[in-house]
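Spelled out from the first residue to the last, the chains are:
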Amino acid sequence: MQMLRISDAGFEKAFRKIVDDRREEDGNVSQGVTSILNEVRRRGDAALIEYTARFDNHTLTEDQDWRISADTCRAAYEGLDSDLRDALVLAADRIRAYHAAQLPEDRDYTDDAGVRLGARWLPVDAAGLYVPGGRAAYPSSLLMNALPAKVAGVERLVVATPTPKGVTNPLVLAAAHLAGVDEVWRIGGAQAIAALAYGTDRIAPVDVITGPGNAWVAEAKRQLFGVVGIDMVAGPSEILVIADGKNDPDWIAADLLSQAEHDPNAQSILITDDEKFAWQVEDRVDVQCSMLASHKTARASWDGHGVMIVVDHLDQAIPLANRLAAEHIELAVDDPEPLFAKIRHAGSVFLGRHTPEAIGDYVAGPNHVLPTGRRARFASGLSVLDFMKRTSFLSASESALAAIGPAGIALANAEGLPAHAKSIEMRLK
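Residues numbered from 1 in each chain as written. Predicted model: local features only at pLDDT ≥ 70, side-chain atom pairs only at ≥ 80, totals over all residues. Heavy atoms only, no water.

Caption draft 1: Representation of helix α3 (residues 45-56) within the structure. Helix length check: α3 (12 residues) gives 15 Å between terminal C-alpha atoms against 16 Å at 1.5 Å per residue, within 8%. Buried within α3 we find Asp45, Ala47, Leu48, Tyr51, Thr52 and Asp56. Each buried residue of α3 lies within a common arc of 145° when the element is viewed along its axis, so the set occupies one face. Looking at the buried residues of α3, the elements they touch are α2 (30-43), α4 (63-66) and α9 (189-198). One or two steps after α3, the chain reaches Asn57, where phi turns positive at roughly 55°. (Helix = DSSP H or I, 4+ residues; strand = E, 2+ residues; numbered from the N terminus. Expected span 1.5 Å × (residues − 1). Buried < 20%, exposed > 50% of the residue type's maximum accessible area, 1.4 Å probe, protein only. Arc of directions from axis to C-beta. Contact = heavy atoms within 4.5 Å.)

Now the structure itself:
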């Protein structure tokens, strides 16, 4: 954990290093991913069989080895403890309602020249949702990816998820049932992304691929963007907590650890105007971390990437926050609105002392798939719009074309495109 003070002479250099540190996994995966993508494109299901046996120790032979049935997903849902099932339903209802409010409106109007203009929004035909296995197998992520697609009107939702040694995660299957997923395939890694993008004899291709994954999955999505749409290329989780000394240090320590436990490369940062409070939080991080089942991961993250910054007053935190453009920002103060008004770059902002980031991961409603690695400067969290596309349209009457056509002819000729000009000019004559 680094402790920085804004008044120190070397602060700017140290802070710039934090801003520039991507913390992403070994980037030397590009060539390996390219090879996998090419093999799946060339050999289809045969390549998937080989990669699944190699990486997941699972043999794809019979139909049940390839695909998890809707009945199995339903049984997983019905077999949940009632409290857990109710929690999933609450989360799904709130996520669905929040995203339904994002649906865009079509436009259709006639302007002063008499030209009819507009745009209509339509869903993609099919979406692929990647759900990691192992440590990152989270039913909440499935809900956050599948429900916006359902709200958008996507007809075919396909989940790809690895099942190491054939073992499934019942919570993920229950979430798939609740979200109305159409297909669940037992494949993972870059090979799963390739199968979703290119299609194979068994798996029909999709139009958009979303969902988190490791460096291989992220690189596969990056390379296949353009073949399909993607949500984003995500890196390790991150949280920035801006807090004054009136907070309970145990609360803030828990907030910092909530992201540290995701990944050894995750980053948790506290900015405060009270140095004594910062050291209290550091102490509580140590105590709480030792009691977590995820303590090894959380400890590695905090020791390797944790940062505490002491400012003279909290207004100084805002330009720092905007440079960090963090995935999550908590404003743990009595009146967060003045600070919030100045935040320009953040994936999601959590306002007030009783709004921990973790509530946004599950049941608040807004999507928890958010830009990381300073990408909040130009990117947004997953939304209904990621599963839709806009088609513009126009209609010109004879008089409308006469009103605007001459300008089009002039511009076409200026650009050296006489056929463009002629297609307008002939109609004017």
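Caption draft 2: Spotlight on the nonpolar core. Within the largest apolar cluster, 41 residues are counted, with the highest numbers of intra-cluster contacts made by Leu142, Leu143, Val154, Val181 and Phe387. Counting residues per element, the ones that place at least two in this core are α5 (70-78), α6 (82-100), β5 (126-130), α7 (139-152), β6 (156-160) and α8 (170-179). The element contributing the most residues to this core is α7, with 8 residues. (Core = buried A, V, L, I, M, F, W, Y, C linked by side-chain atoms within 4.5 Å.)

Caption draft 3: Region of the structure containing the sheet that holds strand β11 (residues 267-272). One open sheet accounts for 6 strands, arranged β1-β12-β11-β10-β13-β14; its pairing is parallel. Because the sheet does not close on itself, it has two edges, and the strands there are β1 (2-5) and β14 (348-351). For this sheet the average axis-to-axis angle between neighbouring strands, irrespective of direction, equals 15°. Of the strand pairs in this sheet, β1 and strand β12 (residues 307-310) are connected by 4 bridges, and their pairing is parallel. Each residue of the ladder has a partner; that of Arg5, found in β12, is Val310. (Pairing = 2+ DSSP bridges. Axes fitted to C-alpha atoms, helices over the stretch in contact; angles between N-to-C directions.)

Caption draft 4: Quick look at the environment of Ile424. Here Ile424 shows up in helix α18 (residues 418-428). Put simply, Ile424 and Ala260 are 164 residues apart on the chain and 61 Å apart in space, counted from C-alpha to C-alpha. The residues contacting Ile424, other than those within four sequence positions of it, are Leu401, Gly405, Gly408 and Ile409.

Caption draft 5: Representation of the packing of aromatic side chains in the model. Counted according to the given criterion, the structure contains 2 aromatic pairs. Arranged with centres 5.6 Å apart and planes meeting at 15°, the rings of Phe11 and Phe15 form a pair that is stacked. Separated by 4 residues within a single helix, Phe11 and Phe15 lie in helix α1 (residues 11-20), roughly one turn from each other. Among the residues examined, Phe11 registers a relative accessible area of 6% and is labelled buried. Phe15 sits in the buried class, given a relative accessible area of 0%. Pairing Tyr51 with Phe55 gives two aromatic rings, centres 6.0 Å apart and planes at 5°, and the pair type is stacked. Remark: Phe55 and Tyr51 occur in helix α3; sequence separation between them is 4 residues, near one turn of the helix. Phe55 gets classed as partly exposed once you look at its relative accessible area, which sits at 46%. (Phe/Tyr/Trp six-rings, centres within 6.5 Å; stacked < 30°, edge-to-face > 60°.)

Caption draft 6: Molecular detail of unusual backbone geometry. We note that Ala325 has phi near 45°; this positive angle belongs to a residue other than glycine. Looking at the secondary structure, you find Ala325 in the loop between α14 (317-324) and β13 (328-332). Judged by its relative accessible area of 0%, Ala325 falls in the buried class. Even without being a glycine, Arg374 presents a positive backbone phi close to 70°. In this structure, Arg374 sits in the loop between α16 (357-362) and β15 (388-396).

Caption draft 7: Region of interest: the packing of α2 against helix α10 (residues 215-224). Running from amino to carboxyl end, α2 crosses α10 at an angle of 65°, the nearest separation of the two axes being 9 Å. When the axes of α2 and α10 are compared, the pair comes out roughly perpendicular. When the axes of α2 and α10 are compared, the crossing they make is right-handed. Facing Ser30, Gly32, Val33, Thr34, Ile36 and Leu37 of α2, the residues of α10 in contact are Trp216, Glu219, Ala220, Gln223 and Leu224. (Parallel < 35°, antiparallel > 145°, perpendicular 65-115°, else oblique. Left-handed = near helix turned anticlockwise from the far one by under 90°.)

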